[in-house]
Amino acid sequence: MEHQALDVRAHINGRSMSGYQWLLLGLCFLIVATDGMDVAIMGFLAPDIIAEWGISRTAFGLAMSATPVGLAIGALFVGPMSDRWGRKRMLLGAVALFGVFNLLSAAAGNIFVLGLLRFLTGLGLGAAMPCCTTLLSEYVPERSRSTLLAVMFTGFNLGSALIGFAAAALLPSYGWRTLLLMGGAIPLVCLPIYLWLLPESARFMVVRKFPGAKIAQTLRRVCGGDFSDDTRFHVSEPPVATGHPVGTLVSPAYKSMTLSLWTTYFMGLLVIYLLGGWLPTLIRDAGLPIERAASLTALFQLGGTVGALVVGFYMDRWRANRVIGLAYGGGAVFILLLAMSDIHTATFTAMVMLAGFCMNGAQTGMTAFAPACYPTAVRATGVSWMLGIGRFGSILGSFLGGVLLSMGWGFSAVIAILGIPAAIAALAIVLVKAGARAAPKAA
């Protein structure tokens, strides 16, 4: 008896979004939002912790860098594990990890313990993002993938903005520990919902040779379709040589693409983390109260929320790398204008939002762009290693802010120098087309 054959990729691309696919988008959005809250939280706590413990800004910069270190290591490890053990399993573990250690961070009594706990929190935060990215990218139609992934990633910017507004409301009356407790409780409360509703990737199950009945059950549940349990499933994409998935990323077919992605993401995160992490302190030093500083920094993230949607929309309609490069270039321009603006004017507020629009929009575009660059067998590794390598840029940005302030650099000088890595990011992503010619089309 001849069994029906079904291309999972073509099946998803040939159908409209089901209600369950929209639900999956919402669940991933919520995970990314809590991720964004916990990643951004330390920047808003810096002034209060420095004052309470009587530590230097350089010392706090080292503790602030602990989270990005954990993010980098978590991302680098989770990709190969996700490509081997599954997207859902790794994602649930990541959410549990960053929720628990965020709660424990609230009990820290000194900067060393806080730094250690923030490192462990970062492991979970770094693992969650690539798992979310890969899982959703493998369940949405390619014609709207960039837009839908951008919608998901607006959750990160929204979460970062919400924690800023929460900081402005809670810090004066309840202290910095309350904010950490809130950041840890939210993902843990949501964890049973994720366990119940999140599906495993059907494309992953095909590549890992799961039983056809299991694939059929999952695919019917998420996307719908008329096929039997004994259908033979496959995915139309280039074959990948056996071996470690990281080796595939730097193989001749993908090396140029991979290096371009790494460079761009590194430079973008350097800018975003220095701005997001130290902007509250810089603004307060310039003469505004911490409540106003937190609200202005939140506007940087809100601008990025809109920017992510705009960049994702145009990525689905034009050359994606050029759209991202244009956004990074705009970020460099608005950062320079921000450095020259009077902090007390409406122009300054506008420049904060426009810089966030461009930089966070471009950075979100990168995470929407990367899954299309690699086949299913190494997709989680490709996405996670771009995120992981890029995280070293966030480590440098977090630490560099403290060093520059300790050296006596003023607000304008610290901000203006960030135009350089923003411009490098724009150039590197435009050059990604060289890698695209060499690499087989994965989608």
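The structure presented is a predicted model; accordingly, all values stated were derived computationally and were not measured.

**Description of the overall build of the protein**
Scanning the protein from terminus to terminus reveals 18 helices and 2 strands. Its C-alpha atoms give the protein a radius of gyration of 21 Å, within 12% of the compact-globule value 22 Å for 443 residues. When the 443 residues of the protein are sorted by exposure, 61% land in the buried category. Considering only contacts within the protein whose residues lie at least 6 apart along the sequence, 85% involve residues at least 24 apart. Entry remark: accessible area of the protein is about 16,000 Å², with carbon and sulfur atoms responsible for 69%. Looking at charge distribution, the protein has the averaged site of its 29 positive side-chain charges lying 6 Å from that of its 18 negative ones.

**Focus: the environment of Leu197**
Take Leu197: it is sitting in helix α7 (residues 176–197). Measuring from C-alpha to C-alpha, the distance between Leu197 and Leu24 comes to 8.0 Å, with 173 residues separating the pair along the chain. Beyond its immediate stretch of four places on either side in the chain, Leu197 contacts Tyr20, Leu23, Leu27 and Arg221.

**Observations concerning a nonpolar patch on the surface**
A grouping of Met407, Trp409, Ile417, Ile420 and Ile424 is seen on the molecular surface, where their side chains present a nonpolar patch of about 450 Å² in accessible area. Look at Ile424 and you get partly exposed, because its relative accessible area is 35%.

**Remarks on the pattern of salt bridges**
Scanning all chains against the criterion turns up 7 salt bridges. Here Arg177 ties to Glu52 by a salt bridge, and the two come within 3.6 Å at their closest N and O atoms. Taken as a pair, Arg177 in helix α7 and Glu52 in helix α2 (residues 19–53) lie far apart in primary sequence, 125 residues in all. Judged by relative accessible area, which is 28%, Arg177 ranks as partly exposed. Shared partners join several salt bridges into a network, and the residues in it are Asp83, Arg87, Glu138, Arg203, Glu237 and Arg379.

**Quick word on the packing of aromatic side chains**
Inspection of the entire model under this criterion finds 6 aromatic pairs. On the basis of an interplanar angle of 85 degrees and a centroid distance of 5.6 Å, the ring pair of Phe227 and Phe233 is categorised as edge-to-face. For the pair Phe227 and Phe233, a shared accessibility class is recorded, and that class is buried. When the ring of Tyr254 is compared with that of Tyr374, the centres are 5.8 Å apart and the planes differ by 35 degrees; the resulting orientation is tilted. One end of the pair, Tyr254, is in the loop between α10 (245–249) and α11 (255–285); the other, Tyr374, is in the loop between α14 (346–369) and α15 (376–406), with 120 residues separating them in the sequence. Exposure remark for Tyr254: the relative accessible area of 5% places this residue in the buried category. Its end group placed over the ring of Phe313, Arg317 keeps NZ or CZ at 3.7 Å from the ring centre.

**Some words on the environment of Gly325**
By the element assignment, Gly325 lies in helix α13 (residues 320–340). Separated by 283 residues in sequence, Gly325 and Met42 place their C-alpha atoms 29 Å apart. Excluding residues within four positions of it along the chain, Gly325 makes contact with Ala426, Ile429 and Val430.

**What about the packing of α2 against helix α3 (residues 57–85)?**
For the pair α2 and α3, interaxial distance at closest approach is 11 Å and the crossing angle is 165 degrees. When the axes of α2 and α3 are compared, the pair comes out roughly antiparallel. When the axes of α2 and α3 are compared, the crossing they make is right-handed. For the pair formed by α2 and α3, the contact residues are Val39, Met42, Gly43, Ala46, Ile49 and Ile50 on the first element and Arg57, Phe60, Met64 and Leu71 on the second. Counted by class, the contact of α2 with α3 contains 8 nonpolar, 1 polar and 1 charged residues.

**Describing unusual backbone geometry**
A positive phi angle is found at Lys209, which is not glycine, with a value near 60 degrees. By the element assignment, Lys209 lies in the loop between α8 (202–207) and α9 (212–222). Lys209 gets classed as exposed once you look at its relative accessible area, which sits at 73%.

**A short note on helix α6 (residues 145–174)**
Here α6 contains 30 residues, and its C-alpha end-to-end distance of 42 Å stays within 8% of the 44 Å for a straight helix at 1.5 Å per residue. Of all the bends in α6, the greatest, near 35 degrees, is centred on Ala167. Immediately downstream of α6, the backbone of Gly175 shows phi near 90 degrees, a positive value.

**A closer look at the side chain of Arg87**
Within the secondary structure, Arg87 is located in helix α4 (residues 87–105). Here Thr376 takes part through its backbone oxygen, which lies 3.3 Å from a polar atom of the side chain of Arg87.

**Concerning the confidence of the model for the protein**
Per-residue pLDDT for the protein averages 87, and the proportion of residues at 70 or more is 96%. Confidence drops under a pLDDT of 50 for residues 434–441, and excluding neighbours within four residues, the segment shows 13 contacts in the predicted structure.

**Digging into the packing of helix α5 (residues 111–137) against α6**
Across the interface, α5 lies against α6 with an axial gap of 10 Å and an inter-helix angle of 150 degrees. Relative to α6, α5 is oriented roughly antiparallel. Here α5 and α6 pass one another in a crossing that is right-handed. Judged by residue contacts, Met129, Cys132, Thr133, Leu136 and Ser137 of α5 engage Arg145, Leu148, Leu149, Met152, Phe153 and Phe156 from α6.

Thresholds applied
Residues numbered from 1 in each chain as written. Predicted model: local features only at pLDDT ≥ 70, side-chain atom pairs only at ≥ 80, totals over all residues. Heavy atoms only, no water. Helix = DSSP H or I, 4+ residues; strand = E, 2+ residues; numbered from the N terminus. Rg over C-alpha atoms; globule rule 2.2 N^0.38 Å. Buried < 20%, exposed > 50% of the residue type's maximum accessible area, 1.4 Å probe, protein only. Contact = heavy atoms within 4.5 Å. Areas by Shrake-Rupley, 256 points an atom, 1.4 Å probe, with all protein chains shown as cover. Lys, Arg positive; Asp, Glu negative; His and termini not counted. Charge placed at Lys NZ, Arg CZ, Asp CG, Glu CD. Patch = residues over 30% accessible without salt bridge, like charges linked within 9 Å, V, L, I, M, F, W, Y side chains within 5 Å. Salt bridge = Lys/Arg side-chain N within 4 Å of Asp/Glu carboxyl O. Phe/Tyr/Trp six-rings, centres within 6.5 Å; stacked < 30°, edge-to-face > 60°. Lys NZ or Arg CZ within 6 Å of the ring centre and 35° of its normal. Axes fitted to C-alpha atoms, helices over the stretch in contact; angles between N-to-C directions. Parallel < 35°, antiparallel > 145°, perpendicular 65-115°, else oblique. Left-handed = near helix turned anticlockwise from the far one by under 90°. Nonpolar A, V, L, I, M, F, W, Y, C, P; charged D, E, K, R; others polar. Expected span 1.5 Å × (residues − 1). Bend = angle between axes of the 7 residues up to and from the residue. Polar contact = N/O pair within 3.5 Å; in protein donor to acceptor, adjacent residues only side chain to side chain. pLDDT = per-residue confidence, 0-100.

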